[in-house]
Amino acid sequence: MSARPLTVMLVAAEASGDDRGAGLMRALKRRLGGGVRFVGVGGERMTAEGLASPFDIAELSVLGLLEGLAAYPKVVRRVRETAALAAREKPDIAVLIDSWGFTLRVAKALRKHDPRLPLVKYVGPQVWASRPGRAKTTAETFDRLLSIHAFDAPYFEAAGLPVTFVGNSALAVDFSAADPDRLRRRIGAGPDDPILLVLPGSRPGEIARVLPAFEDAVMRLKTDWPDLHVVVPAAPTVADAVRARVAGWPHRAHVLEGEEAKLDAMKAATVALACSGTVTTELALAGCPMVVGYRLAPLTYAILKRLIRTKWVTLFNIAAKDFVAPELIQDACNGPALAREVALRLDDAELRRRQVERQYEALAKMGRGGPDPNEAAAQAVLEMLGKRAA
């Protein structure tokens, strides 16, 4: 009779968490082969690695106080479903990825059901930027933190939580197979034609608030650069909404889906207009200069503005302690301002070169070139269980 395989529960509620979860699954399969199985909640990428999610995570990708209140009944229902899944599948360990509000509720539900189940938080709340009290809450709820920032540890260890620094998986994105010429052929662009990459976010709220400003900027830029090719990679969580919105644009834009097309586009782009998030690190890694924009619901922004303790929102800007890439936040995130910053970079190859160089320098400070974060996370999970790969 064969031994029961190691059962790992993974919970991710957003596109970036889905990506990290898929990477962790691949690393565990490399070490354990058929000796591991996965249960839990995830998106397209985790599904491709063998996870059967009980519901679509797109409905949990909410950001903002009012949006969170509106989604609360649905969140509570999904937390119960996730806890029920754990009760049925009896995992050996649970790894809850990013998505603070949802994963915290899931962790508490799992703890109530099985106090002995090891709970791992993969990506901690950004207590160095705001709401430092969350370090204590994390320590009271989880058994270990897998950190993507080297500077996380002191905040959580002071609260009594063991921390393992694994690094940022966005820094390990493999661009070796990316082909910018393939992207140019796909969209009918010549070798010297300018390409604007538009990345409006992975949450429905971001599409609703950020994409209209990006759209206005694109219309203005197309007036001055009629030969500008516009490419819009769409995250799986919002692909339908992005296609529907872009279909109404008066100028053609190429909506792309899938990781290969996205990486090709990042290498091919002249400039990117990006919603703040994990994608900015990926763009920097690809050597793409960018302009960063973001908008929150007004009430959420008014509250967060009083809580945030850092000048920057983009991780490589935080690492550099400077605006390496311009950040246009809230009211500053408007069509004319965004178009002006993008235009400066379309016009000036030297400005683009300098920005890419400084982005690379900031990535080095973030740990670029270090060990594979997926492998480090897998090792930490196995060590918690007292299992080491051969």
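Draft legend 1. Up close: the sheet that holds strand β2 (residues 36-41). Strand order in this open sheet of six strands is β2-β1-β3-β4-β5-β6, and the pairing throughout is parallel. The sheet is open, and its two borders are formed by β2 and β6 (163-165), each paired with just one other strand. In this sheet, adjacent strand axes meet at a mean angle of 20 degrees when their direction is disregarded. Judged from the four bridges that link them, strand β3 (residues 93-97) and strand β4 (residues 119-122) form a sheet pairing that is parallel. In the strand pairing of β4, Val95 is matched with Val120. Its contacts with the sheet put helix α17 (residues 373-384) on β1 (6-12), β3, β4, β5 (144-147) and β6, and the angle it makes with β5 is roughly 170 degrees.

Draft legend 2. Representation of helix α15 (residues 335-347) in the model. Its 13 residues give α15 an end-to-end C-alpha distance of 18 Å, which sits within 8% of 18 Å, the value for a rise of 1.5 Å per residue. Restricting attention to buried positions, one finds in α15 the residues Gly335, Ala337, Leu338, Ala339, Val342, Ala343, Arg345 and Leu346. On its buried face, α15 sits against β7 (195-199), α9 (211-224), β10 (271-275), β11 (290-294), β12 (327-329) and α16 (349-366).

Draft legend 3. Representation of the side chain of Arg78. Within the element layout of this structure, Arg78 appears in helix α3 (residues 65-89). We classify Arg78 as buried; its relative accessible area is 14%. Apart from the residues within four sequence positions on either side, Arg78 is in contact with Phe55, Glu59, Leu60 and Phe102.

Draft legend 4. Up close: the environment of Asp174. Position of Asp174 relative to the elements: it lies in the loop between β6 and α7 (180-187). A residue is classified by how much of its surface remains accessible, and Asp174, at 52% relative accessible area, is exposed. Taking the C-alpha atoms as reference points, Asp174 and Leu285, separated by 111 residues in sequence, lie 9.3 Å from one another. Side-chain polar atoms of Asp174 contact the side chain of Ser176, separated by 2.7 Å.

Draft legend 5. The layout of surface pockets, seen in detail. Volume-wise, the second largest pocket comes out at about 360 Å³. Forming the walls of the second largest pocket are 16 residues, and the residues nearest its centre are Asp19, Arg26, Val173, Glu259 and Asn374. Only α1 (15-32), α2 (44-48) and α11 (259-268) provide two or more residues apiece to the lining of the second largest pocket. Examining the composition of the lining of the second largest pocket, we find that five residues originate from one element, α1, more than from any other. A per-class count over the lining of the second largest pocket returns four nonpolar, three polar and nine charged.

Draft legend 6. Seen up close, the nonpolar core. With 39 residues, the main nonpolar core has Leu197 and Leu283 as its most contacted residues. Breaking this core down by element, the ones donating at least two residues are α7, β7, α11, β10, α12 (278-286), β11, α14 (315-320) and α16. The residues touching Leu283, leaving out its near neighbours within four places in the chain, are Leu197, Leu199, Met266, Ala272, Ala274, Cys288 and Met290. Core analysis: the second largest hydrophobic core is formed by 38 residues, Ala213, Phe214, Ala239 and Leu346 among them.

Cut-off values and rules
Residues numbered from 1 in each chain as written. Predicted model: local features only at pLDDT ≥ 70, side-chain atom pairs only at ≥ 80, totals over all residues. Heavy atoms only, no water. Pairing = 2+ DSSP bridges. Helix = DSSP H or I, 4+ residues; strand = E, 2+ residues; numbered from the N terminus. Axes fitted to C-alpha atoms, helices over the stretch in contact; angles between N-to-C directions. Contact = heavy atoms within 4.5 Å. Expected span 1.5 Å × (residues − 1). Buried < 20%, exposed > 50% of the residue type's maximum accessible area, 1.4 Å probe, protein only. Polar contact = N/O pair within 3.5 Å; in protein donor to acceptor, adjacent residues only side chain to side chain. 1 Å grid on protein atoms, 1.4 Å probe; cavity = no way out; pocket = protein on both sides within 12 Å on 5 of 7 lines; lining within 4 Å. Points joined across faces, edges and corners; volume = space filled by probe spheres on them. Nonpolar A, V, L, I, M, F, W, Y, C, P; charged D, E, K, R; others polar. Core = buried A, V, L, I, M, F, W, Y, C linked by side-chain atoms within 4.5 Å.

Function cannot be read off these values alone, since they describe shape.
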